[in-house]
Amino acid sequence: MTTIGAIFLPSNPPETLRSVAQAADQAGLEELWIWEDCFLNGGLTAATAALAWTEQLRVGVGIMPVPFRNVASLAMELATLGRLFGDRVLPGIGHGVQDWMGQVGARPASPLTLLREYATALRALLHGESVTVSGKYVELDQVRLDWPPAVPPVLSVAAGGPKTIALAGEVGDAVVLAGGTSPAKVAEVAKVVTDAQLIVFLPALTGPGAEAKLLADMEKYQADYPGVWGTPAEIAAGVAEFAAAGATKVILQPVAGEDPEAYVRWVAGEVRPLIG
């Protein structure tokens, strides 16, 4: 079965997360994903709170920019979350928006080299290994976690361009494709990414003006694909296209201004039952 989830947009005030996460948990939503866009919600903080407030909900962070944090520090945080919440923790990493990285003085000369070094070291640390590496960006000297997670988490790596897609499929357990990705693009990626899950963020709306809102967002963010809109059955049919193209998980994405609590209930209660 295709996993269906929903996104809590960082444009929502952080203090609204509790009611949204609990609504998602009560409604039986499989996954709630949180974004760590600059300079909005802190992904790890928000995810930890959402996990603590819920019982069954899996919480993803899509994504944490690797220039932001020392890899050993992130490994410690994720290991702690894994010990506390098990496989409900779904971490995601990626380049981050390069302009934002420049704003904080962390823009790398080679984002691909950094991502490769970082993801490789992070996976090894989360698997309980002692890591010594002297790379261009990552330097560790016999670093081993005292409290590694009992089961290493599924590590997602975000990707957009062909080089990053190939790298993400190599160093990640899952590859995250941003909203605005078409089913045709997913099918292309699936030919390259053969040993990792494919996670797609899919803009999806119902109700009056849904199409216009998604088209406006597509233009605003210069995306290639607006998303899906209409009745739950029409949304489910759109999701099925992505699943047929190779998506393992489809995480539905609202637009700013939508009621986030109503949205997660709608995804779990009306869309999810229609998807095989």
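Residues numbered from 1 in each chain as written. Predicted model: local features only at pLDDT ≥ 70, side-chain atom pairs only at ≥ 80, totals over all residues. Heavy atoms only, no water.

### Section: the overall build of the protein chain
For clarity, the threshold we go by: Starting at the N terminus, helices and strands are each numbered in turn, a helix being any DSSP run of H or I of at least four residues and a strand any DSSP run of E of at least two. Think of it in three bands: with a 1.4 Å probe and only protein chains considered, a residue is buried below 20% of the maximum accessible area for its type, exposed above 50%, and partly exposed in between. Under the convention used here, a 1.4 Å probe and the Shrake-Rupley method define accessible areas, while residue burial counts only the protein chains that appear. The charge count treats Lys and Arg as positive and Asp and Glu as negative. His and the chain ends do not count. For the purpose of locating charges, the reference atoms are NZ of Lys, CZ of Arg, CG of Asp and CD of Glu.
If you tally the helices and strands in the protein chain, you get ten helices and eleven strands. Dimensions of the protein chain along its principal axes, counting C-alpha atoms only, are 55 × 35 × 35 Å. Within the protein chain, buried positions represent 51% of all 276 residues. For the protein chain, the accessible surface area stands at approximately 12400 Å², while carbon and sulfur atoms represent 52% of it. The averaged location of the 29 negative side-chain charges in the protein chain is 4 Å from the averaged location of its 18 positive side-chain charges.

### Thoughts on the environment of Leu78
Here is the rule we go by: Here, residues are in contact when the closest pair of their heavy atoms is within 4.5 Å.
Within the element layout of this structure, Leu78 appears in helix 3 (residues 71–85). Exposure remark for Leu78: the relative accessible area of 3% places this residue in the buried category. Setting aside anything within four residues of it in sequence, one finds Leu78 in contact with Leu44, Met64, Pro91, Leu122 and Leu126.

### Re the nonpolar core
Note the following rule: What makes a nonpolar core is a set of buried Ala, Val, Leu, Ile, Met, Phe, Trp, Tyr and Cys residues whose side-chain atoms join them at distances within 4.5 Å.
Formed by 82 residues in total, the largest nonpolar core has its most connected members in Leu29, Ile93, Tyr118, Leu122 and Leu252. Per-element tally for this core: the top contributor is helix 5 (residues 111–126), with nine residues. Apart from residues lying up to four places away in sequence, Leu252 is in contact with Gly5, Ala6, Ile7, Leu202, Ala204, Ile235, Val239, Tyr263, Val267 and Val271. In this structure, Ile7, Trp33, Trp35 and Leu90 belong to the second largest nonpolar core, which totals twelve residues.

### Quick word on the packing of helix 1 (residues 17–27) against helix 10 (residues 260–271)
Formally: Only the contacting stretch of a helix is used when fitting its axis, a line to C-alpha atoms as for every element, and angles between N-to-C directions run 0 to 180 degrees. Here is the rule for angles: anything less than 35 degrees is roughly parallel, anything more than 145 is roughly antiparallel, 65 through 115 is roughly perpendicular, and the remaining ranges are oblique. Each helix crossing is assigned a hand: it is left-handed if the near helix lies turned anticlockwise from the far helix by less than a right angle, otherwise right-handed if that turn is clockwise. Note that Gly is not counted as nonpolar here; it falls among the polar residues with everything else outside the nonpolar set of Ala, Val, Leu, Ile, Met, Phe, Trp, Tyr, Cys and Pro and the charged set of Asp, Glu, Lys and Arg.
Between helix 1 and helix 10, whose axes approach to 9 Å, the crossing angle comes to 15°. Classified by the interaxial angle, the pair formed by helix 1 and helix 10 is roughly parallel. Pair helix 1 / helix 10 crosses with right-handed handedness. Contact residues: helix 1 offers Ser19, Val20, Ala23, Ala24, Gln26 and Ala27, while helix 10 offers Pro260, Glu261, Val264, Arg265 and Ala268. Considered class by class, the residues forming the contact of helix 1 with helix 10 number seven nonpolar, two polar and two charged.

### Quick word on helix 5
This is how the line gets drawn: In a helix, the anticipated span is given by 1.5 Å times the number of residues less one.
The first and last C-alpha atoms of helix 5 sit 22 Å apart over 16 residues, in line with the 22 Å expected at 1.5 Å per residue. Every buried residue belonging to helix 5 is among Leu114, Leu115, Glu117, Tyr118, Ala119, Ala121, Leu122, Ala124, Leu125 and Leu126, and all of these are buried. The inward-facing, buried residues of helix 5 abut helix 3, strand 4 (89–94), strand 5 (131–134), strand 6 (139–143), strand 7 (156–158) and helix 6 (162–171). Downstream of helix 5 by one or two residues, Gly128 has phi in the positive range, about 80°.

### Quick look at the pairing of strand 6
Where we set the bar: One bridge is not enough; two strands pair if DSSP finds at least two bridges between them.
As paired elements, strand 5 and strand 6 share three bridges and run antiparallel to each other. Looking at strand 6, one finds that Ser134 is bridged to Glu139. The loop that links strand 5 with its antiparallel partner strand 6 comprises four residues.

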